[in-house]
Amino acid sequence: MEHLRSISIFVRTAELGSFAAASTALGLTPSAVSKSIAALERGLKVQLLVRTTQGARLSDEGARFYARCKTIVSDLEAAEREMSSAREIAQGRLRVMLHVTPARYRILPELPRFLREHPELQLEVVISPGAKSVEAEGIDVGVFIGDPPDSRLVARRVADLKFVTCASRAYLAQHGTPSHPRDLVNHNCIEYLRPDGRTRKEWTFERDGETHAVEVGGNLCINDGQALVDLAAAGNGIAHVIAMTAERSIAAGVLVPVLSDWTSDAPPIYMLYARGNVQTLRVRTFVDFITGLFVDMPRVATPSRRWPMYQS
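Residues numbered from 1 in each chain as written. Predicted model: local features only at pLDDT ≥ 70, side-chain atom pairs only at ≥ 80, totals over all residues. Heavy atoms only, no water.

Engineer: Teacher, can you tell me more about the overall build of the chain here?
Structural biologist: When its secondary structure is counted, the chain shows eleven helices and 14 strands. Counting over 312 residues, the chain shows a buried share of 41%. Counting contacts in the chain only where the partners sit at least 6 residues apart, residues at least 24 apart contribute 77% of the total. As displayed, the chain offers around 16600 Å² of accessible surface, 50% of which is attributable to carbon and sulfur atoms. (Helix = DSSP H or I, 4+ residues; strand = E, 2+ residues; numbered from the N terminus. Buried < 20%, exposed > 50% of the residue type's maximum accessible area, 1.4 Å probe, protein only. Contact = heavy atoms within 4.5 Å. Areas by Shrake-Rupley, 256 points an atom, 1.4 Å probe, with all protein chains shown as cover.)

Engineer: Quick question: what am I supposed to make of the nonpolar core here?
Structural biologist: Within the largest apolar cluster, 31 residues are counted, with the highest numbers of intra-cluster contacts made by I107, F286, I290 and F294. Among the secondary structure elements, those contributing two or more residues to this core are β3 (92-99), α5 (100-107), α6 (111-117), β5 (141-145), β6 (154-159), β14 (269-273) and α11 (281-293). Considering each element in turn, this core owes the most residues, six residues, to α11. Each residue touching I107, except ones within four places of it in the same chain, is listed here: L98, P102, V143, F289, I290, L293 and F294. The next biggest cluster of nonpolar side chains, apart from the first, holds 17 residues, and it includes L48, L49, Y66 and V73. (Core = buried A, V, L, I, M, F, W, Y, C linked by side-chain atoms within 4.5 Å.)

Engineer: Just checking my understanding: could you explain the pattern of salt bridges for this structure?
Structural biologist: Opposite charge on two side chains lets them pair, provided their charged atoms get close. In total, this model carries ten salt bridges according to the counting rule given. Put simply, R113 and E117 hold a salt bridge, and the shortest N to O gap is 3.4 Å. Placement of the pair is R113 and E117 together in helix α6, with a separation of four residues, close to one helical turn. (Salt bridge = Lys/Arg side-chain N within 4 Å of Asp/Glu carboxyl O.)

Engineer: Explain the sheet that holds β14 to me, please; I cannot follow it from the model alone.
Structural biologist: Sheets are built from strands paired through backbone hydrogen bonds, the pairs being either parallel or antiparallel. Strand order in the open sheet formed by five strands is β4-β3-β5-β14-β6, and the pairing between neighbours is mixed. Unpaired on one side and paired on the other, β4 (121-128) and β6 mark the two borders of the sheet. Each strand axis lies, on average, 20 degrees off the axis of its neighbour in the sheet, ignoring direction. Both β3 and β5 contribute to a ladder of three bridges, which runs parallel. Across the sheet, the residue bridging to V96 is V141, located in β5. Taken strand by strand, α5 contacts β3, β4, β5 and β14, and its axis lies near 110 degrees from that of β3. (Pairing = 2+ DSSP bridges. Axes fitted to C-alpha atoms, helices over the stretch in contact; angles between N-to-C directions.)

Engineer: Help me out: how do you make sense of the side chain of H187 in this one?
Structural biologist: Topologically, H187 is positioned in the loop between α8 (169-175) and β8 (191-192). When residues no more than four places from it in sequence are discounted, the contact partners of H187 are Y171, H175, G176, P178, G217 and I238.

Engineer: I'm lost on the sheet that holds strand β12 (residues 239-242) in this one. Help?
Structural biologist: The three strands are arranged β12-β7-β13 in an open sheet whose pairing can be described as antiparallel. Bordering the open sheet on either side are β12 and β13 (256-258), each of which pairs with just one other strand. Averaged over all adjacent pairs, the angle separating strand axes in this sheet is 50 degrees, with direction ignored. Here strand β7 (residues 163-167) pairs with β13 via three bridges, running antiparallel. When the bridges of β13 are listed, A167 appears paired with V256. Its contacts with the sheet place helix α10 (residues 243-251) against β7, β12 and β13, and it is angled at close to 115 degrees to β12.

Written as structure tokens, this is what we have:
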């Protein structure tokens, strides 16, 4: 092992071209670096480095030896890092708070797999339909919908969402299919009742730089996205919901998208955690897990608007 250490010191010195620079990089004294390389030269019976006033340069024999040794040293360092990482295990209690929409449609179905991969973790999940304070609740990681307020927490934008406008085939057969956002004023639109008690009456659509904000109306409002989708599927009217909420019903043919040539932005998904917590392996592991679940949803470089947090 001492011989391998001497070779590692030689490789670093050759790369830096100086005993002093190598000693700083390795945390050794210049004397220790010099003695180690001298011992290696005595053992090999060749001069590896030519000492100069500017530092050190490789001799012909040293250049050939360095070419052989640099890959060996690199492989050894990689093996050490791999073994060190293998000893790190995400473990302990992790308390997370999840907004109900991403929790229901993306996160909860994948949690069994996450826990199988990290059996030493004890996960405590709080499902939140509305605004909560991560700091006040003692949460390690929060996943929410909407732009977070300024705070001491790290805020990572995970995904940008879209609304989808949809209805059942029976409803569209009876009432007609809207071809332009303004047609919605003649339809029964199921309104979402937000956690703050207000309904989302204005639906905004964009196409080719053209924006239409339509004030909708109907005889029904409800505070749960899935219930809203179910009511639309039952023929009660037109729904305007975050796309992931309706994607299963659309794939099954229960709901039909309308106004598909228009886009409608929805609040983004953010992940929040304390600045120091990202250094904790269990937090870092969960943060990476959440990020991977939304990798198919691109993030815009410059958000066009701000959304108050916890809209659904």
